[in-house]
Amino acid sequence: MNPPPVAGTAGAPLRRERLFGALLVLLLFGGAFVLPPERPLPFDACLWHRFTGLACLTCGLTRAACLFARGLWRESLAMHAAGWLLLAGLAVAAVWMGAEAAAGRDLGARLKTRLLAISLCGGAVLSMFARVRDLI
């Protein structure tokens, strides 16, 4: 007979989900350190750029994260102002999801939501700054 669940825990399904998520995010984070920054993706992932030829707000973000991971901070900031934020966000997400997998429950859901909102807003502002800087 299984013991009763502890209050506030979701059990094995949540653990597997968070562990899978943490490993996926960790893979993305690690990719920034090993992929070539000149062309980290073997295809053009941006449909906006493919169809219009114009850069979108996130164009160059993956390359900027790869450059930042290699310690080429000036080049990273020149490529896209939010590359460091993407890399930091991936690191925080991997650790947070790993901790949730270990605990078997959500940890600070409200704080997680607020941090995500702040980082997305900050990324949007930095992305707009990057595009305006390119126009000037």
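Residues numbered from 1 in each chain as written. Predicted model: local features only at pLDDT ≥ 70, side-chain atom pairs only at ≥ 80, totals over all residues. Heavy atoms only, no water.

A word on the overall build of the protein
- For the protein, the helix and strand inventory stands at six helices and zero strands.
- Counting from the amino terminus, the protein carries its helices and strands in the arrangement α-α-α-α-α-α.
- Its C-alpha radius of gyration of 18 Å places the protein more than 25% over the 14 Å reference for a compact globule of 136 residues.
- Counting only C-alpha atoms, the protein reaches 65 × 30 × 30 Å along its principal axes.
- Within the structure as shown, the protein displays about 9,300 Å² of accessible surface, and the carbon and sulfur contribution to it stands at 74%.
- Between the averaged position of the 14 positive side-chain charges in the protein and that of its 7 negative side-chain charges there is a distance of 5 Å. (Helix = DSSP H or I, 4+ residues; strand = E, 2+ residues; numbered from the N terminus. Rg over C-alpha atoms; globule rule 2.2 N^0.38 Å. Areas by Shrake-Rupley, 256 points an atom, 1.4 Å probe, with all protein chains shown as cover. Lys, Arg positive; Asp, Glu negative; His and termini not counted. Charge placed at Lys NZ, Arg CZ, Asp CG, Glu CD.)

Description of a nonpolar patch on the surface
- Taken together, Phe20, Leu24, Leu27 and Leu28 make up a surface patch of nonpolar side chains, about 450 Å² in accessible area.
- By the element assignment, leucine 28 lies in helix α1 (residues 12–34). (Patch = residues over 30% accessible without salt bridge, like charges linked within 9 Å, V, L, I, M, F, W, Y side chains within 5 Å. Salt bridge = Lys/Arg side-chain N within 4 Å of Asp/Glu carboxyl O.)

With respect to helix α3 (residues 61–69)
- Of the positions making up α3, those classed as buried are Leu61, Ala64, Ala65, Cys66, Leu67 and Ala69.
- Elements in contact with the buried residues of α3: α1, α4 (73–79) and α5 (83–103).
- Once α3 ends, the next one or two residues include glycine 71, with phi positive near 85 degrees. (Buried < 20%, exposed > 50% of the residue type's maximum accessible area, 1.4 Å probe, protein only. Contact = heavy atoms within 4.5 Å.)

Thoughts on the packing of α1 against α5
- Taken N-terminus to C-terminus, the directions of α1 and α5 make an angle of 155 degrees; their axes are 8 Å apart at the nearest point. Accordingly, the angle class assigned to the pair α1 and α5 is roughly antiparallel. Note on packing geometry: the crossing formed by α1 with α5 is left-handed. Here Arg15, Arg18, Leu19, Gly21, Ala22, Val25, Leu26, Leu28, Phe29 and Ala32 of α1 lie close against α5, whose contacting residues are Leu87, Leu90, Ala91, Ala93, Ala94, Met97, Gly98, Glu100, Ala101, Ala102 and Ala103. (Axes fitted to C-alpha atoms, helices over the stretch in contact; angles between N-to-C directions. Parallel < 35°, antiparallel > 145°, perpendicular 65-115°, else oblique. Left-handed = near helix turned anticlockwise from the far one by under 90°.)

Regarding the side chain of histidine 80
- On the secondary structure map, histidine 80 appears in the loop between α4 and α5.
- Polar side-chain contacts of histidine 80 include one of 3.5 Å to the side chain of serine 127.
- When neighbours within four sequence positions are excluded, histidine 80 is seen to be in contact with Leu57, Thr58, Cys59, Gly60, Leu61, Ala64, Ser127 and Arg131. (Polar contact = N/O pair within 3.5 Å; in protein donor to acceptor, adjacent residues only side chain to side chain.)

Digging into α5
- With 21 residues, α5 extends 30 Å from end C-alpha to end C-alpha; this agrees with the ideal 30 Å at 1.5 Å per step.
- Listed in full, the buried residues belonging to α5 are Gly83, Leu85, Leu87, Leu90, Ala94, Trp96, Glu100 and Ala101.
- Following α5 by one or two positions, glycine 104 adopts a phi angle in the positive range, close to 75 degrees. (Expected span 1.5 Å × (residues − 1).)

Describing the pattern of salt bridges
- By the definition in use, this model includes five salt bridges.
- Its salt-bridge partner being arginine 18, residue glutamate 100 comes within 2.6 Å of it at the nearest N-O pair. Residue glutamate 100 is found in helix α5, and its partner arginine 18 is found in helix α1; the two are separated by 82 residues along the sequence. Side by side, glutamate 100 and arginine 18 carry an identical accessibility label, which is buried.

A look at the packing of aromatic side chains
- Applying the stated criterion across every chain yields a total of two aromatic pairs.
- Note on phenylalanine 29 and phenylalanine 33: the rings are 5.2 Å apart at their centroids and 65 degrees apart in plane angle, and the pair reads as edge-to-face. Linking phenylalanine 29 with phenylalanine 33, this pair stays in helix α1, spanning four residues, or about one helical turn.
- In this structure phenylalanine 33 comes out as partly exposed when scored by relative accessible area, which is 40%.
- Judged by centre distance (5.9 Å) and plane angle (40 degrees), the rings of phenylalanine 68 and tryptophan 73 are tilted. (Phe/Tyr/Trp six-rings, centres within 6.5 Å; stacked < 30°, edge-to-face > 60°.)

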